[in-house]
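# A look at the structure
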Amino acid sequence: MKPHRFFLPLPSVASVFALLGLAACAPAPADSFSGYVEGDLVFIGPTEPGRVSVLAVEEGSAVKPGEVVARVEDDLQTADRDAAAAQLKEAEARLANARSPLQRPEEIAVLQASEQRATAALDQSRVDLERQKALVPKGASSQANLDAAQHQYDQNQAALDEARKRISAARIASRTQDIEAAEQAVSAARANLAAAQVRLDRRVLKAPTDGTVQTVYYRVGELVPEGRPVISILPPGLVKVRFFVPEQELPKVALGGRVTVTCDGCPLTTAKVFFIATQAEYTPPVIYSREERSKLVYLVEARPDDPARARPGQPVNVSLGAAP
């Protein structure tokens, strides 16, 4: 089960109503509402289950982008990466073999020797043929000898042609289809290696942003289920003030409006409204009379101008309008 997006322990809606009730009993400035500070945490964890092997931070540690915060055991991922690398080497060797000549250089050398013998035989038969052509008209040789010399010359010429064609065929690489198949195998092996490397790299958990470690959920040796975070980080500035405005006061709040935020022992600060709920947090089970409408409250969220002054979970009072 994937982790819920939770933060530091915060007041429930019921407790918020209690705060509103207390505020109603005590004298309070006009347009003042109770609320609390909440942080948008960044959760960091592995995409696959595994045991935590290294924990490099503690709660409260400040981290920088790219800083290693934890490592998860990676024996299986390392083995998968090594296997993918071996498969890539095998595929590349097959491709090189497909692109190389069909026969080895030693075999081609044998064929070249046959070509030389055929050339020598052809030269000899050419000499014999020329001699017979010169002797037959003079009556020094018979027509049968001339025919035999011509036949021998033709045979030696055919043998030389055959030897040369064997050499040419030996130097030809595999068929185009075989080479293309080998190239596709290399591409697939490279993709598998890249995927295996990514899975291995993800076993090293790094901070994606600046921030402060809020919670450490798993320690060294503990098994992290799939989709669960090891730590949570609160980036600077990702805090907000949440407060609830009664239905009759809601028209006074506008997106982009300024509010004043105070808390016990805190310096005065301001915030900008960036969210107003479209539905009430509480709906009475009766018709909306004037009395019942007063029970409706709407969630409003504002971003502090100075986030460093706001701490998640801290109760605050919010007044409409910026501080003078």
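Before reading on, note that the structure itself is shown above.
Residues numbered from 1 in each chain as written. Predicted model: local features only at pLDDT ≥ 70, side-chain atom pairs only at ≥ 80, totals over all residues. Heavy atoms only, no water.

### Quick notes on the packing of helix α2 (residues 75-99) against helix α5 (residues 176-201)
Contact pair α2 / α5: the axes reach a minimum separation of 8 Å and the direction vectors enclose 165°. On the basis of the axis angle, α2 is roughly antiparallel to α5. The handedness of the crossing between α2 and α5 comes out as left-handed. Residues of the contact of α2 with α5, tallied by class, amount to 14 nonpolar, five polar and nine charged. (Axes fitted to C-alpha atoms, helices over the stretch in contact; angles between N-to-C directions. Helix = DSSP H or I, 4+ residues; strand = E, 2+ residues; numbered from the N terminus. Parallel < 35°, antiparallel > 145°, perpendicular 65-115°, else oblique. Left-handed = near helix turned anticlockwise from the far one by under 90°. Nonpolar A, V, L, I, M, F, W, Y, C, P; charged D, E, K, R; others polar.)

### Observations concerning the sheet that holds strand β2 (residues 42-44)
One open sheet accounts for four strands, arranged β2-β9-β7-β4; its pairing is antiparallel. The sheet is open, and its two borders are formed by β2 and β4 (62-63), each paired with just one other strand. Where β4 meets strand β7 (residues 211-216), two bridges bridge the pair, whose relative direction is antiparallel. Following the sheet pairing, alanine 62 is matched in β7 by threonine 212. (Pairing = 2+ DSSP bridges.)

### Details of the pairing of strand β14 (residues 315-320)
Note that strand β1 (residues 32-39) and β14 share five bridges and pair antiparallel. Directly across from serine 32, in β14, lies its bridge partner serine 319. In this structure, strand β11 (residues 258-262) lies alongside β14, joined through four bridges in antiparallel fashion. By the bridge assignment for β14, valine 259 is matched with leucine 320.

### Brief notes about the nonpolar core
Proteins that are soluble and globular tend to have nonpolar side chains buried together. Counting residues in each nonpolar core, the largest one holds 19 residues, and the members touching the most others are Val241, Phe243, Val259, Val261, Val316 and Val318. For this core, the secondary structure elements donating two or more residues are β1, β10 (239-246), β11, β12 (269-276), β13 (297-304) and β14. Looking at which element gives the most residues to this core, the answer is β10, with four residues. In contact with valine 259, other than residues within four places in its own chain, are Phe243, Thr269, Thr270, Ala271, Val273, Ala302, Val318, Ser319, Leu320 and Gly321. With 17 residues, the next largest nonpolar core counts Val63, Val69, Ala70 and Val216 among its residues. (Core = buried A, V, L, I, M, F, W, Y, C linked by side-chain atoms within 4.5 Å. Buried < 20%, exposed > 50% of the residue type's maximum accessible area, 1.4 Å probe, protein only. Contact = heavy atoms within 4.5 Å.)

### With respect to α5
With 26 residues, α5 extends 38 Å between its outermost C-alpha atoms, agreeing within 8% with the 38 Å of an ideal straight helix rising 1.5 Å per residue. Within the sequence span of α5, burial applies to Ile179, Ala182, Val186, Ala189, Ala196 and Leu200. Residues of α5 that are buried make contact with α2 and β6 (204-206). (Expected span 1.5 Å × (residues − 1).)

### Section: the pattern of salt bridges
Summed over the entire model, instances satisfying the criterion amount to 16 salt bridges. The salt bridge involving aspartate 128 is made with arginine 131; its shortest N-O contact spans 2.9 Å. Separated by three residues within a single helix, aspartate 128 and arginine 131 lie in helix α3 (residues 105-135), roughly one turn from each other. Taking the relative accessible area as the measure of exposure, aspartate 128 reaches 23% and is therefore partly exposed. What makes arginine 131 partly exposed here is its relative accessible area of 42%. One salt bridge in this structure joins glutamate 301 and arginine 242, with 2.8 Å as the shortest N-O distance. In this pair, glutamate 301 sits in strand β13 while arginine 242 sits in strand β10, placing the two residues 59 residues apart along the sequence. In terms of burial, glutamate 301 and arginine 242 fall into one category: buried. Put simply, Glu38, Asp40, Lys240, Arg242, Glu301 and Arg303 are held in one network by salt bridges that share partners. (Salt bridge = Lys/Arg side-chain N within 4 Å of Asp/Glu carboxyl O.)

### A look at the sheet that holds β6
With antiparallel pairing, four strands are arranged side by side in an open sheet as β6-β5-β3-β8. One side of each edge strand has no neighbouring strand; the edge strands of this open sheet are β6 and β8 (223-224). When strand β5 (residues 68-72) meets β6, the two strands line up antiparallel, connected through three bridges. Looking at β6, one finds that valine 68 is bridged to lysine 206.

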